[in-house]
Amino acid sequence: MTGPRNALSLTLSERPDLPSAVYQALYRITGRSTVEMRNAVREGAPVYTAALFGTDHLQVVPRLEKAADYLDAVGLPFVVHEWTDGEASVITRETMRRIVEGTDDPAD
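Residues numbered from 1 in each chain as written. Predicted model: local features only at pLDDT ≥ 70, side-chain atom pairs only at ≥ 80, totals over all residues. Heavy atoms only, no water.

A. Here's a closer look at the overall build of the protein chain. Secondary structure summary: the protein chain contains 4 helices and 4 strands in total. Ordering the α and β elements of the protein chain from the N terminus gives β-α-α-β-α-β-β-α. Burial status across the protein chain gives 36% buried among its 108 residues. For the protein chain, long-range pairs separated by at least 24 residues make up 65% of all intrachain contacts whose partners lie at least 6 apart in sequence. Counting only carbon and sulfur atoms, one obtains 49% of the accessible surface of the protein chain, whose full area is about 6400 Å². (Helix = DSSP H or I, 4+ residues; strand = E, 2+ residues; numbered from the N terminus. Buried < 20%, exposed > 50% of the residue type's maximum accessible area, 1.4 Å probe, protein only. Contact = heavy atoms within 4.5 Å. Areas by Shrake-Rupley, 256 points an atom, 1.4 Å probe, with all protein chains shown as cover.)

Encoded structure:
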């Protein structure tokens, strides 16, 4: 799968058959169509991707955080990926938070 150059994304850990209400809530959070999200879930692709360093960074990052919080609240397990130069790596929520906030890893 070809991915974004530099971004953070959320991918469901499983490929569940979600009720429409979940897709509608994610649409309200992310602005991504329910059809796109349904297809992403079926394909195991990200349900939301927030490009970093772009002109819309200030709009997409809060949506990323809200989407992650919503998925947690409804009990849907997901994986966070960090995309760097088009290559994806699994990261923790804590690492995602540090990236979003621009803080350093205390281990560094």
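B. Seen up close, the pattern of salt bridges. By the definition in use, this model includes 6 salt bridges. A salt bridge links Arg32 to Glu36; its shortest N-O distance comes to 3.7 Å. The exposure class of Glu36 is partly exposed, given its relative accessible area of 42%. A salt bridge links Glu94 to Arg97, with the nearest nitrogen and oxygen atoms 2.2 Å apart. Of this pair, Glu94 and Arg97 both sit in helix 4 (residues 93-101), 3 residues apart, which is roughly one turn of the helix. A relative accessible area of 32% means that Arg97 is categorised as partly exposed. What you see here is one network of salt bridges that share partners, running through Glu94, Arg97, Arg98 and Glu101. (Salt bridge = Lys/Arg side-chain N within 4 Å of Asp/Glu carboxyl O.)

C. Just the pairing of strand 1 (residues 6-12), in detail. Within strand 1, 6 of the 7 residues are buried, which leaves the element mostly enclosed by the surrounding structure. Taken together, the 7 bridges between strand 1 and strand 3 (residues 78-84) define a ladder with antiparallel strand orientation. Paired with Ser9 across the two strands is His81, which belongs to strand 3. Pairing analysis gives 4 bridges linking strand 1 to strand 2 (residues 48-51), with the strands arranged antiparallel. Note on strand 2: the bridge partner recorded for Ser9 is Thr49. (Pairing = 2+ DSSP bridges.)

D. Fine view of the environment of Val47. Residue position: Val47 is located in the loop between helix 2 (34-43) and strand 2. Considered as a pair, Val47 and Thr34 are 13 residues apart in the sequence and their alpha carbons are 9.7 Å apart. Dropping the residues within four chain positions of it, Val47 is found in contact with Leu10, Thr11, Leu12, Arg32, Met37, Ala40 and Val41.

E. A look at the side chain of Thr30. By secondary structure assignment, the location of Thr30 is in helix 1 (residues 20-30). For Thr30, a relative accessible area of 4% puts it in the buried group. For Thr30, the side chain forms a polar contact with the main-chain nitrogen of Arg32, separated by 3.0 Å. (Polar contact = N/O pair within 3.5 Å; in protein donor to acceptor, adjacent residues only side chain to side chain.)

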